[in-house]
Amino acid sequence: KPLLLIDTDPGVDDALAILMAHEHADVLGLSIAAGNVGLSHTVRNARTLVDLVGASTPVFAGCPAPLVRLPEEDAAFVHGRDGLGDVGFPEPGSRIDDEHAALALLRLTREHPGEITLVALAPLTNLALALKLDPSLPQRVKRLVVMGGAVTGHGNTGRVPAEFNVGFDPEAAHVVFEGFPEFDLVDWELTLRHAFDEADFDQWLAQGDRRAAFFGRAFQVARETNRRSGRRGIIAADALAMAVAIDPSVVVRSERRHVGVELDGRLTRGATVVDWQGRLKRPAQANVVLELDQPRFAAMVRRALGADGAA
Ligand code: BDR
Ligand code: CA
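Here the structure is a predicted model, which is why all the values come from computation and not from measurement.

Attention now goes to the overall build of the protein chain. Of regular secondary structure, the protein chain possesses 13 helices and 9 strands. Relative to a compact globule of 311 residues, whose C-alpha radius of gyration would be 19 Å, the protein chain shows 18 Å and is just as compact. With the C-alpha coordinates aligned to their principal axes, the bounding extent of the protein chain is approximately 50 × 40 × 35 Å. Taken over 311 residues, the protein chain has a buried fraction of 53%.

Burial analysis of strand E9 (residues 286–292) places 5 of its 7 residues in the buried class, the great majority of the element. In the sheet, strand E6 (residues 183–186) pairs with E9 via 3 bridges, with the strands oriented parallel. Within E9, the position partnered with Leu185 by the bridge is Val288. Of the strand pairs in this sheet, strand E7 (residues 251–261) and E9 are connected by 6 bridges, and their pairing is antiparallel. Each bridged residue has a counterpart across the sheet, and for Arg257 the counterpart in E9 is Ala286.

Let us now look at the UniProt feature "domain: Inosine/uridine-preferring nucleoside hydrolase" (unreviewed entry) in the protein chain. Within the UniProt annotation, "domain: Inosine/uridine-preferring nucleoside hydrolase" (unreviewed entry) is assigned to residues 4–298. A distance of 20 Å separates the end C-alpha atoms of residues 4–298, which is 39% helix and 18% strand.

When pLDDT is averaged along the protein chain, the result is 97; 99% of the residues meet or exceed 70. Scored as a whole, the predicted complex attains pTM 0.98, and scored at its interfaces, ipTM 0.99.

The strand order across the open sheet formed by 9 strands is E3-E2-E1-E4-E5-E6-E9-E7-E8, and the pairing between neighbours is mixed. Looking at which strands have only one partner, the edges of the open sheet turn out to be strand E3 (59–61) and strand E8 (272–275). Neighbour-to-neighbour, the strand axes of this sheet turn through a mean angle of 30 degrees, independent of strand direction. Direction of pairing for strand E1 (residues 3–8) relative to strand E2 (residues 26–32): parallel, over a ladder of 6 bridges. By the bridge assignment, Leu3 is partnered in E2 with Asp26. Contacting E1 and E2, helix H1 (residues 12–24) crosses the sheet at an angle of about 170 degrees to E1.

Attention now goes to the environment of Ala128. Checked against the element boundaries, Ala128 lands in helix H5 (residues 125–133). Residues Ala128 and Arg223 lie 95 residues apart in sequence; the distance between their C-alpha atoms is 31 Å. If sequence neighbours within four positions are ignored, Ala128 has contacts with Leu67, Ala172, Val175 and Val176.

The buried fraction of strand E5 (residues 141–147) amounts to 5 of the 7 residues, a majority that puts the element mostly inside the structure. In this sheet, E6 lies alongside E5 in parallel orientation, the contact comprising 3 bridges. Looking at the pairing, Val145 lines up with Asp184 of E6.

Once that is clear, we can look at the site of ligand 1. Within the structure, ligand 1 sits among 15 residues, and Gly11, Asp13, Ala75, Phe164 and Ala237 are positioned closest to it. Where the shell around ligand 1 is concerned, the elements lending two or more residues are H1, helix H6 (164–168) and helix H12 (237–246). Within the shell around ligand 1, the residues separate by chemical class into 7 nonpolar, 4 polar and 4 charged.

Next up on the list: the nonpolar core. Formed by 107 residues in total, the largest nonpolar core has its most connected members in Ala120 and Ala241. If you tally residues by element for this core, the top one is H12, at 9 residues.

A separate point is the packing of H1 against H12. Running from N to C, H1 and H12 point in directions that differ by 25 degrees, and their axes come no closer than 7 Å. By the angle class used here, H1 and H12 are roughly parallel. For the pair H1 and H12, the crossing hand works out as right-handed. For the pair H1 and H12, contact is made by Asp13, Asp14, Leu16, Ala17, Met20, Ala21 and His24 and by Ala237, Asp238, Ala239, Ala241, Met242 and Ile246, respectively. Split by residue class, the contact of H1 with H12 holds 9 nonpolar, 1 polar and 3 charged.

Calculation criteria
- Residues numbered from 1 in each chain as written.
- Chains lettered and ligands numbered in written order.
- Predicted model: local features only at pLDDT ≥ 70, side-chain atom pairs only at ≥ 80, totals over all residues.
- Helix = DSSP H or I, 4+ residues; strand = E, 2+ residues; numbered from the N terminus.
- Rg over C-alpha atoms; globule rule 2.2 N^0.38 Å.
- Buried ≥ 20, exposed ≤ 12 C-beta atoms within 10 Å, placed from the backbone.
- Pairing = 2+ DSSP bridges.
- UniProt positions renumbered as here; feature names shortened; annotations may be inferred.
- pLDDT = per-residue confidence, 0-100.
- Axes fitted to C-alpha atoms, helices over the stretch in contact; angles between N-to-C directions.
- Contact = placed C-beta atoms within 7 Å.
- Near = placed C-beta within 6 Å.
- Nonpolar A, V, L, I, M, F, W, Y, C, P; charged D, E, K, R; others polar.
- Core = buried A, V, L, I, M, F, W, Y, C linked by C-beta atoms within 7 Å.
- Parallel < 35°, antiparallel > 145°, perpendicular 65-115°, else oblique.
- Left-handed = near helix turned anticlockwise from the far one by under 90°.

Below, the structure written as C-alpha cells:
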C-alpha cells in the first residue's frame, strides 16, 4: 500500500479523495490549506472525514491565506459556505494536532525518507512554505502528485485560463513547480474528460455504505452548481489526483513538459503555461497526465463509497 501525506482544503472533491485514500492506502496525515473555503472550515471538514472513516489520521492546520496577495475568490459557490454542502454535519470529535502543516510535512518526510507520496489537492501554500524552510524536501519524497492548472487554458476561475488551486495562490504554485524536479500534474481539463455518468454514480450512492450516504449529502450543492453551469456528469478533480497517487498505473497517457505559472498578467495571473514544444529549454519537471483508465478510476471510487457490488 502507498504511504500518503495529503495537503487538502476540503471541499467535496477533496472529501471523496480522502475517502479513497483511507480505503486504498496508508494515510500519514492531512495537512490543511485555506482555499475552497476558509481554514477554520477546511480544518473542521478534515476532522469530520477522519471521524467518518474511523481513523486516527492526524490533522495539521496550515496557512490561513496565500503567500503574497489576498485571494480574489473562494469556491463556496461550489462546495457550500462551510465547504461540505452546508448540510450541518455535527461538530467532529477528532482533534487538531498542534504542529503547523508545513512543519509536519518536513518532519514526516524526515521520519519516512523516500517513502511518502505527497498528494496536493489544494492551493500550494503549505508546500511552498515547507520548501522555503527546507529546499531539500523533494529529495525525501517518493512522489508528488498535484491537482492543479489548466494545461490548455480552459480554467475554472474568474481569470479565464487559471484553475482554482493555482489561481488562488500563484506564487506558491510557482515555488513548488520550480522547487520539485519531478511531479505528476492532474489538471482541471483532465477532470472534465473523466466525468462519471450521473445514473451510475447515483447507483453507487444508493448501494454504498455510510460513506456514500455522507458524500451524497455533502455533494448536493456542487452537483447543482455543475448542472447550472451546463456540465454533464459527475466531476471530482481531487479524486483523479488521488487515483494517480494511489496507483500510478491508472495513467494511460501523459507527457513530460516544463510547466510554469503566470504571476502577472492582466487577464492571466494564475495560469499554468505548459511548454508543449520545449521552446523555453527548461527542465520538463511535470508529468502532465492526459488520460486515465476510466473503469479502474471508477472502481477505486466505488470501493471508497462502500459500493463495491455496484456496476
Ligand atoms: C480544485 O479546486 C477546488 O475547488 C477543488 O477542490 C480542486 O482541488 C479544482 O480546480
Ligand atoms: Ca481541493
